[in-house]
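# Per-entry structural report
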Amino acid sequence: MKKRLWLKMAALWLTAWLPAARANLELEALVAEAFANNPAVQAAQYDVRRAQAERDELRGFFDPQLNATASQADYNAGYNQAFLHAGVDAAILPGVYLGTRVEESYYSQLQSSTVTNVFGSYNDLWQSTAGLRLGVPLLRDRGFLQWKLSDERAAKRYRMAQNHWRAVTQQCRHDVEQQYIAVLEAVAQRYVAQAALTRVEKLLKEAQELVQLKIVPEYQLFTARSEVALRQESETASQQACKTTQTRLLELLGTSQPARPVRASFDTLILWAESVELPPLYAEDTALKARGDYNEILDFIEVAEKEQAINQDNLRDDLSLNMETILQGEDPNNIIGTGRYLSGRNLGASIGLTWKRPWGYRTEKARMRAI
């Protein structure tokens, strides 16, 4: 007996749960179809990819830069020079520029020149030079602040694009859900209208039978016929409302026909509504943080703050420290020169400060006003 009771309860529960679950699955299918056909959702997805690519672009700041130069010069002093240069420059954290260079020069026809006292008694001479250069920003862009702020700004822009996509999908989902509910409501109203029409038609038939039996006067049929006509008009209006809501749903899906027909019924609406559990109270802060448009606004503010910090750093003078160590040698016969023919030393060094600034910071101040 108990086993039979449990089976009945399970059957009743499945009968109530299956339409609700089917409605949820059907709604999710409609939402997925709307996402696939909505151009605003697709554009938001591409914006996310673009923002990611823009952030990846900043990683190229640390890519080594290769450079090479080859030249042939005929000087007025009389001698000729063939010159070959190759180097590598790179930016390295925590904020220095490191450069290396290798140069090879070949001097010819030195005996016919007017500066033989510099080159000595050699007619041809090879010269090899290797240098290691270090540049350090001291004021503007110290510690690669420009790159760090740009990377943080790109990260905020990427998150802002994600939240914009989130806001668009939330709005699309909301529109589809509202219209799906409208379709179910229209179907339910048509069900009620059909039931009412059936009822008044039955009453009219009973009244006609009573008139035939001379139990009631014939003029009482006018009221019943008017009620039937009104219910017919109501049923026609509800039928038109069903078509209108379904057409609007197809517009939101972006297709003339959905992937599968919408199974809307009065029971589906009631059981689905009863299966939805909504919290009676909610925290405002939690609700706002769940919205894509709200988070997009916060990210937009943070992006503007990063841009302001970048332009504030641009208002500083550009002062940099530059140091270089140079190794140089010459040889009249070998390509790789290691001898000391033009000076008494092979190793040299240089150090200096470079300062520059715009005349009035017009561009930076205009950008600050814009931000």
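Residues numbered from 1 in each chain as written. Predicted model: local features only at pLDDT ≥ 70, side-chain atom pairs only at ≥ 80, totals over all residues. Heavy atoms only, no water.

When you go through the chain residue by residue, the secondary structure sums to 9 helices and 6 strands. In the chain, 73% of the contacts between residues at least 6 apart in sequence involve partners at least 24 apart. Summing over all exposed atoms, the chain offers an accessible surface of approximately 24300 Å²; the carbon and sulfur share of this is 57%. (Helix = DSSP H or I, 4+ residues; strand = E, 2+ residues; numbered from the N terminus. Contact = heavy atoms within 4.5 Å. Areas by Shrake-Rupley, 256 points an atom, 1.4 Å probe, with all protein chains shown as cover.)

What follows is about the side chain of S238. Within the secondary structure, S238 sits in helix α5 (residues 221-253). Excluding its chain neighbours within four sequence positions, the residues that come into contact with S238 are Q189, R190 and A193.

Taken together, 6 strands build an open sheet; the order of strands is β1-β2-β3-β4-β5-β6 and the sheet is antiparallel. Among the strands making up the open sheet, the edge pair consists of β1 (65-74) and β6 (347-356). Going across the sheet, the axis of each strand differs from the next one's by a mean of 15 degrees, ignoring polarity. Sheet analysis places strand β5 (residues 318-331) next to β6, joined by 10 bridges and oriented antiparallel. Looking across to β6, one finds that E324 is bridged to S350. (Pairing = 2+ DSSP bridges. Axes fitted to C-alpha atoms, helices over the stretch in contact; angles between N-to-C directions.)

Looking at the element boundaries, D151 is found in helix α4 (residues 145-212). In this structure D151 touches R55, L58 and R59, once residues within four positions along its chain are discounted.

Our next topic: the pattern of salt bridges. Applying the stated rule across the entire model yields 20 salt bridges. Of the charged contacts in the structure, one is a salt bridge between R50 and D47, with a shortest N-O distance of 3.6 Å. Of the two residues, R50 and D47 are both situated in helix α2 (residues 39-58); the distance of 3 residues between them amounts to about one turn of the helix. Between K156 and E302 there is a salt bridge, with the nearest N and O atoms lying 2.9 Å from each other. With K156 in helix α4 and E302 in helix α8 (residues 292-314), the pair connects residues that are 146 residues apart, well separated along the chain. Because the salt bridges share partners, they merge into one network encompassing K156, R159, D299 and E302. (Salt bridge = Lys/Arg side-chain N within 4 Å of Asp/Glu carboxyl O.)

What follows deals with the packing of aromatic side chains. According to the stated counting rule, one finds 7 aromatic pairs in the structure shown. Pairing F61 with F62 gives two aromatic rings, centres 5.1 Å apart and planes at 85 degrees, and the pair type is edge-to-face. Here F61 falls in the partly exposed class, since its relative accessible area comes to 29%. Residue F62 is classed as partly exposed on the basis of its relative accessible area of 22%. Ring plane angle 90 degrees and centroid distance 5.1 Å describe the contact between F61 and F144, whose orientation is recorded as edge-to-face. Taken together, the positions of F61 in the loop between α2 and β1 and F144 in the loop between β4 (125-137) and α4 put the pair 83 residues apart, joining distant regions of the chain. Among the residues examined, F144 registers a relative accessible area of 0% and is labelled buried. These aromatic residues form a ring-pair network of at least three members: F61, F62, Y97, F144 and W147. (Phe/Tyr/Trp six-rings, centres within 6.5 Å; stacked < 30°, edge-to-face > 60°. Buried < 20%, exposed > 50% of the residue type's maximum accessible area, 1.4 Å probe, protein only.)

Of all hydrophobic cores here, the largest spans 19 residues; its most connected members are L27, L30, V176, Y180 and L249. For this core, the secondary-structure elements that each account for two or more residues are α1 (2-37), α2, α4 and α5. Sorting elements by how many residues they give to this core places α4 first, with 8 residues. Every residue in contact with L27, bar those within four places of it in the chain, is listed here: V176, E177, Y180 and W272. Core analysis: the next-biggest nonpolar cluster, separate from the first, contains 8 residues, L197, L204, V211 and A224 among them. (Core = buried A, V, L, I, M, F, W, Y, C linked by side-chain atoms within 4.5 Å.)

Here β1 lies mainly on the outside; 0 of its 10 residues are buried. Looking at chain direction, β1 and strand β2 (residues 80-92) are connected through 10 bridges and run antiparallel. Looking at the pairing, S71 lines up with F83 of β2.

Glancing now at the packing of α4 against α5. Their axes nearest at 8 Å, the elements α4 and α5 cross at an angle of 160 degrees. When the axes of α4 and α5 are compared, the pair comes out roughly antiparallel. Crossing geometry of α4 relative to α5 is assigned as left-handed. Taken together, the residues that form the contact of α4 with α5 break down as 20 nonpolar, 10 polar and 9 charged. (Parallel < 35°, antiparallel > 145°, perpendicular 65-115°, else oblique. Left-handed = near helix turned anticlockwise from the far one by under 90°. Nonpolar A, V, L, I, M, F, W, Y, C, P; charged D, E, K, R; others polar.)

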